[in-house]
Amino acid sequence: MSSAPYGLSPHPIVQAPMAGGASCPPLAAAVCEAGALGFLAGGYKTADGMYQEIKQLRALTRRPFGVNLFMPQTGYVDQAAVEAYRGQLAGEASWYELSLADEDIIGTSDDGYDAKLAILLEDPVPVVSFTFGCPAPSVLAALRKAGTYSVVTVTSVDEARAAQAAGADAVCVQGVEAGGHQGTHRDDPQADGTAGVGLLALVAQVREAVALPIIAAGGLMRGSQIAALLAAGAEAAQLGTAFLTCPESGAHPLHKQALTDPLFPHTELTRAFSGRPARGLVNRFMREHGPYAPAAYPQIHHMTAGLRKAAAAAGDPQGMALWAGQGHRLARALPAGELVEVLAAELAEARSALKPMNKMNHRSTS
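Below or above, wherever it landed, is the structure these notes cover. (Residues numbered from 1 in each chain as written. Predicted model: local features only at pLDDT ≥ 70, side-chain atom pairs only at ≥ 80, totals over all residues. Heavy atoms only, no water.)

Right, let's talk about the sheet that holds strand 5 (residues 149-154) for a bit. Ordered in space as 1-9-8-6-5-4-3-2, the 8 strands form an open sheet in which the pairing is parallel. Only two strands of the sheet have a single partner each, and these edge strands are strand 1 (13-15) and strand 2 (38-41). Direction aside, the axes of adjacent strands within the sheet are offset by 25° on average. Two strands pair when backbone bridges link them, and strand 3 (residues 65-70) and strand 4 (residues 127-131) are joined in this way by 5 bridges, in the parallel orientation. (Pairing = 2+ DSSP bridges. Helix = DSSP H or I, 4+ residues; strand = E, 2+ residues; numbered from the N terminus. Axes fitted to C-alpha atoms, helices over the stretch in contact; angles between N-to-C directions.)

Shown next as structure tokens:
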């Protein structure tokens, strides 16, 4: 990025790592080739699955790229609440003729973190970002020694300070507008229902609290929005929902269609699909089950995985997790490379429009 200290891409644009299949090698490669920073999502994959995608991406582009990891989840989970939610989903399971027995929700809470990290230290990639927490200082130091630039996702000033103290190279500041999971370091169910911090306000707060470069994320769909965040102190902007509708995206076709479908006019934060707050298009599943979903990640994610797959196979978006940011209605179904070019042109235009205003402000204060 021209404005970032690591100079990884010509444009200050980052394609968000979207776990679940959307951020596949073809999408990341197209973004990289167009002059932005493409990302692979390591979450919900085995260590070998992540490595195979890295090899595929390297075969498609020689430009720098990033890989995202989920931090291990160590919080207390109320198993009784998990069992109660399984009962809540009994009707869904019966409809799709699925079982929600114990073996359906078996899954590690660490997402294979140590094995994935070992691969990334042995065969380094240019950038590694972290979600759901901050790595130990020793991990960040090892990545730096390997030549990898580290980014920690934060949703508050306190989390940004923790990332700086641990030795992160940059922070990805995620506003409440962002689609998919909120990358909070600690999942606090007591905070559910309270208003989160909007991206512009959060970037300003973090800018004054830490000295790290900021990548801004949350609801961004246009180059003019990127310009506003750069003016507010960010070095780059990360967009996820904007890239979901690209033909290279691995998102399900029903998910892509739903982003601009009038049947899904707005988004909400919900625990319904995973047990952790995540923003998605409001559908039947979210309305019926969201109020009963406990704070139990990744247990609820594993429990609902079969239901979500069955809904997709049946062509029913009302039963799928349709992750989306607040700007989803502005989605453009352009090839990823073309989208990067359009965003870069919009950014340049917005910056040009700001220059006369800056000159006027300078005259008025001189």
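Here the narrative resumes, following the displayed structure.
So, on to the packing of helix 1 (residues 25-33) against helix 2 (residues 47-60). Helix 2 packs onto helix 1 with a crossing angle of 35° between their chain directions and a minimal axis gap of 9 Å. Along this stretch, helix 1 crosses helix 2, giving a crossing that reads as right-handed. For the pair helix 1 and helix 2, the contacting residues are Pro25, Pro26, Ala28, Ala29 and Glu33 in the first and Glu53, Gln56, Leu57 and Leu60 in the second. Counted by class, the contact of helix 1 with helix 2 contains 6 nonpolar, 1 polar and 2 charged residues. (Left-handed = near helix turned anticlockwise from the far one by under 90°. Contact = heavy atoms within 4.5 Å. Nonpolar A, V, L, I, M, F, W, Y, C, P; charged D, E, K, R; others polar.)

Here the focus is the packing of aromatic side chains. Counting across every chain of the model gives 6 aromatic pairs. Measuring from ring centre to ring centre gives 5.2 Å for Tyr44 and Phe70, while their planes differ by 80°; the resulting arrangement is edge-to-face. Taken together, the positions of Tyr44 in the loop between strand 2 and helix 2 and Phe70 in strand 3 put the pair 26 residues apart, joining distant regions of the chain. The class for Tyr44 is partly exposed, based on a relative accessible area of 29%. Looking at Phe70, the relative accessible area reads 9%, which means it is buried. (Phe/Tyr/Trp six-rings, centres within 6.5 Å; stacked < 30°, edge-to-face > 60°. Buried < 20%, exposed > 50% of the residue type's maximum accessible area, 1.4 Å probe, protein only.)

Attention now moves to helix 9 (residues 223-231). Among the residues of helix 9, Gly223, Ile226, Ala227, Leu229 and Leu230 are the ones counted as buried. Projection of helix 9 onto a plane perpendicular to its axis shows the buried side chains occupying an angular sector of 165°, all on one side. Once helix 9 finishes, Gly233 follows within two positions and takes phi at roughly 120°, a positive value. (Arc of directions from axis to C-beta.)

Right, let's talk about the side chain of His255 for a bit. Here His255 is to be found in helix 11 (residues 253-258). Those residues within four positions of His255 in sequence are excluded, and the remaining contacts are Leu244, Met320, Ala321, Leu322 and Trp323.

With that out of the way, let us pick up the nonpolar core. By size, the foremost hydrophobic cluster in this structure holds 105 residues, and its most contacted members are Phe130, Val173, Val206, Leu239 and Phe243. Apart from residues lying up to four places away in sequence, Phe130 is in contact with Asn68, Leu69, Met71, Tyr113, Pro135, Val139, Leu140, Leu143, Val151, Val152 and Thr153. Of all hydrophobic cores here, the second largest spans 12 residues; its members include Leu37, Val127, Ala170 and Ala236. (Core = buried A, V, L, I, M, F, W, Y, C linked by side-chain atoms within 4.5 Å.)

At the junction of Tyr297 and Pro298, the peptide bond is cis and its omega measures out at 10° in the coordinates. Its location among the elements puts Pro298 in the loop between helix 12 (284-289) and helix 13 (299-313). Positive phi is not limited to glycine here, since Tyr44 has a value of about 65°. In this model, Phe132 sits at a positive phi of 75°, which is unusual for a non-glycine residue. Secondary-structure assignment places Phe132 in the loop between strand 4 and helix 6 (137-145).

Here the focus is the sheet that holds strand 10 (residues 267-270). With antiparallel pairing, the 3 strands of this open sheet are ordered in space as 7-11-10. Looking at which strands have only one partner, the edges of the open sheet turn out to be strand 7 (180-181) and strand 10. Across 4 bridges, the pairing between strand 10 and strand 11 (residues 278-281) is antiparallel. Its bridge partner lying in strand 11, Glu268 is registered against Gly280.

This brings us to the state of the cysteines. In this structure the tally under the stated criterion is 0 disulfides. Cys24 takes part in no disulfide bond, and the closest cysteine sulfur to it belongs to Cys246, at a distance of 10 Å. Taking relative accessible area as the criterion, Cys24 reaches 12% and is therefore assigned buried. As a non-bridged cysteine, Cys32 has Cys24 as the owner of its nearest cysteine sulfur, 12 Å distant. (Disulfide = S-S within 2.5 Å.)

This part takes up the pairing of strand 5. Counting buried positions over the 6 residues of strand 5 gives 6, a clear majority of the element. Residues Tyr149, Val151 and Thr153 line one face of strand 5 and the alternating positions Ser150, Val152 and Val154 line the opposite face, and both faces are buried. Summarising the sheet, strand 4 and strand 5 pair through 4 bridges and their orientation is parallel. In the sheet register, Ser129 faces strand 5, and the bridge partner there is Val151. Between strand 4 and its parallel partner strand 5, the chain crosses via helix 6, and the hand of that crossover is right-handed. Direction of pairing for strand 5 relative to strand 6 (residues 170-174): parallel, over a ladder of 4 bridges. Across the sheet, the residue bridging to Val151 is Ala170, located in strand 6. In this view, the connection linking strand 5 to its parallel neighbour strand 6 by way of helix 7 (residues 157-166) has right-handed handedness. (Right-handed = clockwise from strand over helix to strand, strands pointing away.)

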